[in-house]
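# Summary of the model geometry
Each chain, written out:
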Amino acid sequence: MLSSNLILNLNEPCALDDVSWIHPTKYCGVWWEMIVGKSSWNYTDDYPSVYIDQVDWAKAKPNGRHAANNEKVKAYIDFAAANGLDQVLVEGWNVGWEDWANMWKRDVFDFVTPYPDFDIKMLNEYAHSKGVKLLMHHETSSSTQNYEHHIEKAYNLMNHYGYDAVKTGYVGDIIPRGDHHYSQSMNAHYLYVIRQAARHHIMVNSHEATRPTGLCRTYPNLVGGESARGTEYEAFGGNRPDHTCILPFTRLQGGPMDYTPGIFETKLNTWSDNTSWVRSTICGQLALYVTMYSPLQMAADLPEHYNRYTDAFQFIRDVACDWDDSRYLEAEPADYITVARKAKGTDNWFVGGKCDENGHTATVCLDFLDKDKKYLCTIYQDHSTAHYETNPKAYVITKKKVKAGQTLKIKEAPGGGFAMAIMTQ
């Protein structure tokens, strides 16, 4: 059954004659530490159930674990500005997270009221002063009717503060009861959200939504989505090493995926109480920025973790999000994949190779390079002792001059990979 809002607005113009406001985006965010359980989305533990229009938030006792606070968000903004990242996502900024998931709660968020420790005006101005934007987050808790009810004022708030992208979420069982994530009405809802966002010149990054089937070709403001097991599942038991060697042949055929890669501290129990772990080497994580296509890419780990491996993080700083050309150099589903992509508007190429738990030796023929140009290639590869289980953080970085037609052999560790930045000189 279609929502009444959708029926009324299906034929409205959606502002896609001009798409100059749609752009590739590289971002970081206050997210991963909540996913692993170190911090919380909710501000207080005082209420077993929250009615957001009846709570005096100024009198609510902070739980001391709320991550979306002014000090932390400013630190993320500083990190983004220092490292050439475009935006900062902040989850848990708005009231209502005290009982948000799997509660069958219809009126869970209003998408406009911040918690007391999140000064939306100050943080927005601070971000803009640093040349960075904030990336809005709208978790719906799968209450689609509630989101449609509030969506106009939520997007007006974004327009007021200069937010140009939103990450939407649909965690939990769908409300109304009996509906499900892949139903006809939910597909209609996703389309409604994309169209309303287009009217407001807002890009959409949808999580827990239906798997895309090329919708971004009609609505290019759908810049990314999850819609498969992404990085967050690494905190919920972990994905197998071959998972990211399967997705390019399945999920990614329907559209770009916001996989949220870039986890460097893969053993989560070294910095949190979470006993899960990421089944990848650092170089395997770098490879995903090329093998997992998306014009929206996240540096998903914590800034302090990247600061420990700043030489490896250089690849994330350098890698593009938008491409003029893509070449799939070698691939075997569930075993390995090697991809080369040319950064849009440049002569620079980036190569990524990812493999399963058995390891792989990649053959990279540089016949895609321009014969008349000289290139400097920076190679990020697994150390000979690297292994996703026992030694995931061992890597080697080398630089060499390369030319068109040259062939390179790169050994990938079990669960590992490699990345190359090939720059014109």
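Scoring rules and cut-offs
- Residues numbered from 1 in each chain as written.
- Predicted model: local features only at pLDDT ≥ 70, side-chain atom pairs only at ≥ 80, totals over all residues.
- Heavy atoms only, no water.
- Pairing = 2+ DSSP bridges.
- Helix = DSSP H or I, 4+ residues; strand = E, 2+ residues; numbered from the N terminus.
- Axes fitted to C-alpha atoms, helices over the stretch in contact; angles between N-to-C directions.
- Contact = heavy atoms within 4.5 Å.
- Buried < 20%, exposed > 50% of the residue type's maximum accessible area, 1.4 Å probe, protein only.
- Right-handed = clockwise from strand over helix to strand, strands pointing away.
- Expected span 1.5 Å × (residues − 1).
- Arc of directions from axis to C-beta.
- pLDDT = per-residue confidence, 0-100.
- Polar contact = N/O pair within 3.5 Å; in protein donor to acceptor, adjacent residues only side chain to side chain.
- Phe/Tyr/Trp six-rings, centres within 6.5 Å; stacked < 30°, edge-to-face > 60°.
- Lys NZ or Arg CZ within 6 Å of the ring centre and 35° of its normal.

## Remarks on the sheet that holds strand β5 (residues 203-206)
- Strands sit in the order β6-β5-β4-β3-β2-β1-β7 across an open sheet of seven strands; the sheet is parallel. Where the open sheet ends on each side, the last strands, each with one partner, are β6 (222-225) and β7 (296-298). The average angle at which neighbouring strand axes cross in this sheet is 30°, direction not considered.
- Where strand β1 (residues 25-30) and strand β2 (residues 87-90) come together, four bridges link them in parallel fashion. Bridging across to β2, Cys28 finds its partner in Val88.
- Where helix α3 (residues 70-82) meets the sheet, it contacts β1, β2 and β3 (133-139), and its direction lies at approximately 150° from that of β1.

## Section: the sheet that holds strand β10 (residues 349-355)
- Read from one edge of the open sheet, six strands run β8-β9-β10-β15-β12-β13, paired in antiparallel fashion. Of all the strands in the sheet, the pair left with one neighbour each is β8 (323-332) and β13 (395-402). Pairwise comparison of adjacent strand axes, ignoring direction, gives a mean angle of 15° for this sheet.
- As paired strands, strand β9 (residues 336-343) and β10 are joined by seven bridges and run antiparallel to one another. Bridge assignment links Lys342 to a residue of β10, and that residue is Trp349.
- Sheet strands in contact with helix α8 (residues 282-291) are β8, β9, β10, β12 (375-382), β13 and β15 (417-424), and its direction is about 125° off that of β10.

## Examining the pairing of β5
- Of the two faces of β5, the one lined by Met203 and Asn205 and the one lined by Val204 and Ser206 are each fully buried.
- In this structure, strand β4 (residues 165-169) lies alongside β5, joined through four bridges in parallel fashion. When the sheet's bridge partners are listed, Lys167 is paired in β5 with Asn205.
- In this region the chain leaves β4, passes through helix α6 (residues 184-199) and returns to the parallel neighbour β5; the handedness of that crossover is right-handed.

## Details of α3
- The terminal C-alpha atoms of α3 lie 18 Å apart, and with 13 residues this matches the ideal 18 Å at 1.5 Å per residue to within 8%.
- Of all the positions in α3, only Val73, Tyr76, Ile77, Phe79 and Ala80 are classed as buried. What you see down the axis of α3 is that its buried residues fit within an arc of 160°, all on one side. In α3, the exposed residues that point more than 90 degrees away from the buried face are Glu71 and Ala82.
- Once α3 finishes, Gly84 follows within two positions and takes phi at roughly 75°, a positive value.

## So, the confidence of the model for the protein
- Across the protein, the average pLDDT comes to 94, with 96% of residues at 70 or higher.
- Ignoring residues within four places in sequence, the model shows residues 1-10, a span with pLDDT below 50, making 13 contacts including any to other chains.

## Considering the side chain of His360
- Mapped onto the elements of the fold, His360 is located in strand β11 (residues 360-365).
- For His360, a relative accessible area of 15% corresponds to the buried category.
- At 3.0 Å, the side chain of His360 forms a polar contact with the side chain of Glu330.
- When sequence neighbours within four positions are dropped, the list of residues in contact with His360 reads Glu330, Tyr336, Cys355, Ile410, Lys411 and Glu412.

## Thoughts on the packing of aromatic side chains
- Scanning all chains against the criterion turns up 23 aromatic pairs.
- Taking 6.1 Å as the distance between ring centres and 10° as the angle between the ring planes, the aromatic pair formed by Phe79 and Tyr306 counts as stacked. Highlighted residues: Phe79 in helix α3 and Tyr306 in helix α9 (residues 303-308), separated in sequence by 227 residues. Like Tyr306, Phe79 is buried.
- Through successive ring pairs, a cluster of aromatic residues spans Trp41, Trp97, Trp100, Phe109, Phe111 and Tyr147.
- Here the guanidinium or amino end of Lys105 rests over the ring plane of Tyr51, the centre of that ring lying 5.7 Å away.
- A cation over a ring is seen here: Arg279 above Trp277, with NZ or CZ 4.2 Å from the ring centre.

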